[in-house]
Structures are given as C-alpha cells and as structure tokens.
Amino acid sequence: MPRQAVGGTVRVAIHAPAPLVRAGLAGFVALDPRLHELPRDRIGEADAIVVAVDVADASALDLLHRVCDRPGARFLVVVGKKWRADLSAARKRGVRAVVWWDFCSPDVFARSVRAVAGSEETPLPSPLAPERAEHHVVASRGRAEPRLNAREVDVLRLIAEGKQCDEIALELSYSERTVRYILYGAMKRLRTRNRAHAVSHAIRAGLI
C-alpha cells in the first residue's frame, strides 16, 4: 500500500542528467508548497523519486535501481521521447506513474508526484499516468478491469511507444481510419478522456 506523506508534505527527490530538465523539475517542486525537494544524499527518505530519461528502456529501468535501491521506492518517470521498457518489469522496479515531458506542466507534475507518494486520490490529466492514485494498487485489491481485445492491445502498445496513427496503420496493415476506430473503441471501453489517458490506464491496470 502507498505510504502517506508525513504532515501532508511530499518529499521529492529528482534525478535528471540534463541540467535544464532538472532545473525545470526542481522549479515545479518549488511552485507547489505541498512538495519539498530533498538533497541527493537523502534520496532514500523520499516519498516519490522523479527520474527523467529521453528513452525509457531496459537500461533506464536499471538506472532506477542505481538511483535508489531502497525496497519499496516509488518512481515517477518523466519520458522525453519514447517508451520501450517492459511494462511489467517497470512496475516491479517501482514505477508508479509516467509523464511525457511535452505534457509535464507544473500542475500535471505536482498531481503525479502526489499520486506516486500516495498522499491523495485525485484525477490525473497527465498522459501515461494513472487516472486515480488507487490504480497503483489495483492488482492487490483485486478490482475488475475491462478487458481489451487483441487489436486494441496492439494499438495501445504502439501508442505507448510514441507512434502516430499513420505509423500504426502501416505497421499493422490497417487503414488509418481503422486504427482510429480501434482506438476510439478502447477509449470508450476504458472510459478514458483521450488516447494518452487510455494508454495510462491500460499500463497501470496491467492490460498492456
């Protein structure tokens, strides 16, 4: 179960090799009085650890362990370009939310961090982040989730890799119109607002 942040303040640690990205994330923390950034030498005390990468792949998952090897560490991954990591492996490594850098506004960032820390359960509008914080523990609670058909799974997986509808159509030998129809069906089945939200929900629920 997610632990609650002490005193309502979420302790955040940031790992971002690119100086400008790190400065931007630190600025987001500073804008929200409910967040408090910890120095590098106290990363083990963080309620949520933010790790920024260009491409989320197997090496990025290995990086998480090097950043913090504390059992139960909870990560928010900010992705710049593509997601290529195995989803189940990411969950096992402690990834509890993912946000695309292009969509990482101060509000999206703060909400995602608080959800990762387990400090509240509010809707998250961010792409590739859970709709509600409770979705982080959906498997352990045994809540039923809608089932996706094979075509919906394929389309959502490719969207998670950063591909556009025309690229997906080419790869799956569908028309672009068919891809959009499949995507709409998945969004309706999952009751999600847009394609990014659908991918987010599907990842967190273990559907793709």
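Fair warning: this is a prediction, and the values are worked out from it, not measured in the lab. (Residues numbered from 1 in each chain as written. Predicted model: local features only at pLDDT ≥ 70, side-chain atom pairs only at ≥ 80, totals over all residues. Heavy atoms only, no water.)

## Considerations on the packing of helix H6 (residues 150-160) against helix H8 (residues 176-190)
With their axes 9 Å apart at the nearest point, H6 and H8 run at an angle of 100° to one another. Looking at the two axes, H6 sits roughly perpendicular to H8. Across the interface between the two elements, Arg151, Glu152, Val155, Leu156 and Ile159 of H6 pack against Thr178, Val179, Ile182, Leu183, Gly185, Ala186, Arg189 and Leu190 of H8. Among the residues making up the contact of H6 with H8, the classes are represented as 8 nonpolar, 2 polar and 3 charged. (Axes fitted to C-alpha atoms, helices over the stretch in contact; angles between N-to-C directions. Helix = DSSP H or I, 4+ residues; strand = E, 2+ residues; numbered from the N terminus. Parallel < 35°, antiparallel > 145°, perpendicular 65-115°, else oblique. Contact = heavy atoms within 4.5 Å. Nonpolar A, V, L, I, M, F, W, Y, C, P; charged D, E, K, R; others polar.)

## What to know about H8
For H8, which comprises 15 residues, the first-to-last C-alpha distance of 21 Å matches the rise-based estimate of 21 Å (1.5 Å per residue) to within 8%. Burial in H8 covers these residues: Val179, Ile182, Leu183, Ala186, Met187 and Leu190. Taken around the axis of H8, the buried residues stretch over an arc of 135°, which confines them to a single face. Across H8 from its buried face, at more than 90 degrees, point the exposed residues Arg177, Tyr181, Tyr184 and Lys188. (Expected span 1.5 Å × (residues − 1). Buried < 20%, exposed > 50% of the residue type's maximum accessible area, 1.4 Å probe, protein only. Arc of directions from axis to C-beta.)

## Looking at the side chain of threonine 192
The residue threonine 192 is located in the loop between H8 and helix H9 (195-204) in this model. Overall, the relative accessible area of 11% leaves threonine 192 in the buried class. Residues in contact with threonine 192, not counting those within four places in the same chain, are Met187, His197, Ala198 and His201.

## Some words on the nonpolar core
Among the nonpolar cores identified, the biggest contains 46 residues, and Ile49, Val51, Trp83, Leu148, Leu156 and Ile208 are the most heavily contacted of them. Beyond its immediate sequence surroundings of up to four residues, leucine 156 is in contact with Leu148, Leu183, Ala186, Leu190, Ala198, Val199, Ala202 and Ile208. Residues Val29, Leu76, Cys104 and Val108 belong to the second largest nonpolar core, which totals 23 residues. (Core = buried A, V, L, I, M, F, W, Y, C linked by side-chain atoms within 4.5 Å.)

## Overview of the pattern of salt bridges
For the structure on display, the rule yields 10 salt bridges. In this structure, aspartate 32 and arginine 114 form a salt bridge, with 3.2 Å as the shortest nitrogen-oxygen distance. Residue aspartate 32 is found in the loop between helix H1 (19-31) and strand S2 (35-37), and its partner arginine 114 is found in helix H4 (residues 106-117); the two are separated by 82 residues along the sequence. For arginine 114, a relative accessible area of 5% gives the class buried. (Salt bridge = Lys/Arg side-chain N within 4 Å of Asp/Glu carboxyl O.)

## A closer look at the layout of surface pockets
One number sums up the size of the largest pocket: a volume of about 330 Å³. Surrounding the largest pocket, 17 residues form its lining, Trp100, Phe103, Ile159, Gly162 and Gln164 being those nearest its centre. Among the secondary structure elements, those contributing two or more residues to the lining of the largest pocket are strand S4 (75-83), H6 and H9. Along the lines of polarity and charge, the residues of the lining of the largest pocket split into 8 nonpolar, 3 polar and 6 charged. (1 Å grid on protein atoms, 1.4 Å probe; cavity = no way out; pocket = protein on both sides within 12 Å on 5 of 7 lines; lining within 4 Å. Points joined across faces, edges and corners; volume = space filled by probe spheres on them.)

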